[in-house]
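Listed below are the residues making up each chain.
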Amino acid sequence: MTTYKNYVTKEIGDFIWEGFCDPVAVGVNIFDILDGARLAGVDLTDEQKSGVLAHVNEIYGWTSKDEEVRDLIADATDNATYERLLSWLTFIVGDTTATGLVKNWEEEAQEILDRFDRAGYECLD
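The following refers to the structure shown. Note that the structure is a prediction, hence the values are computed from the model and not measured.

Definitions and cut-offs
Residues numbered from 1 in each chain as written. Predicted model: local features only at pLDDT ≥ 70, side-chain atom pairs only at ≥ 80, totals over all residues. Heavy atoms only, no water. Helix = DSSP H or I, 4+ residues; strand = E, 2+ residues; numbered from the N terminus. Buried < 20%, exposed > 50% of the residue type's maximum accessible area, 1.4 Å probe, protein only. Contact = heavy atoms within 4.5 Å. Areas by Shrake-Rupley, 256 points an atom, 1.4 Å probe, with all protein chains shown as cover. Polar contact = N/O pair within 3.5 Å; in protein donor to acceptor, adjacent residues only side chain to side chain. Salt bridge = Lys/Arg side-chain N within 4 Å of Asp/Glu carboxyl O.

### Here we look at the overall build of the protein chain
Regarding its fold elements, the protein chain presents seven helices and zero strands. For the protein chain, the N- to C-terminal ordering of α and β elements is α-α-α-α-α-α-α. Taken across its 125 residues, the protein chain has 34% of its residues classed as buried. Partitioning the intrachain contacts of the protein chain with sequence separation of at least 6 by distance along the chain shows that 63% fall at a separation of at least 24. Roughly 7700 Å² of accessible area belongs to the protein chain as shown, and the carbon and sulfur atoms make up 50% of that amount.

Below, the structure is given as structure tokens:
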């Protein structure tokens, strides 16, 4: 997996970020994203979580405190390690679903690598 760990890490971060932005479309619970953020090093207070929960569907109702939380989540999804993001993902969707998502992203990464290999070999012929 080390060959495409970066790809999978990015996909996990993107999934969590999309879930934060539109939890209904992604099929996740926004509270799980906020509560699980601690696994990626983002320790949110109950007040911060409540503020976001109160405005989750109102983009124009967000306060500066809500935007601070958004920035913390964005930073974590962009910069946390694979291990931290995987723990966070597992907290959000459960073990079985997280394993399935990661397996799918690993397969996607392998397909991409295979295409590059084929393209490289064709160029050498």
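So much for the structure itself; the text now carries on.
### Examining the side chain of Lys49
Looking at the element boundaries, Lys49 is found in helix H4 (residues 46-55). Residue classification places Lys49 among the buried positions, given a relative accessible area of 9%. The residues touching Lys49, leaving out its near neighbours within four places in the chain, are Phe31, Leu34, Asp35 and Leu44.

### As for the environment of Glu108
Tracing the sequence through the fold places Glu108 in helix H7 (residues 95-124). The spacing of Glu108 and Tyr4 is 104 residues in sequence and 9.4 Å in space, taken between C-alpha atoms. Of the polar contacts made by the side chain of Glu108, one reaches the side chain of Tyr7; its length is 2.8 Å.

### A short note on the pattern of salt bridges
Scanning the entire structure with this criterion turns up six salt bridges. With a shortest N-O distance of 2.9 Å, Lys5 and Glu83 are connected by a salt bridge. Of the two residues, Lys5 sits in helix H1 (residues 5-21) while Glu83 sits in helix H6 (residues 82-93), which places them 78 residues apart along the sequence. In this structure, the salt-bridge partner of Asp35 is Lys49, at a minimum N-O distance of 2.8 Å. With Asp35 in helix H3 (residues 30-36) and Lys49 in helix H4, this residue pair connects regions lying 14 residues apart in the sequence. Each member of the pair Asp35 and Lys49 is classed as buried.

Remember, this is a structural readout, not a statement about activity or role.
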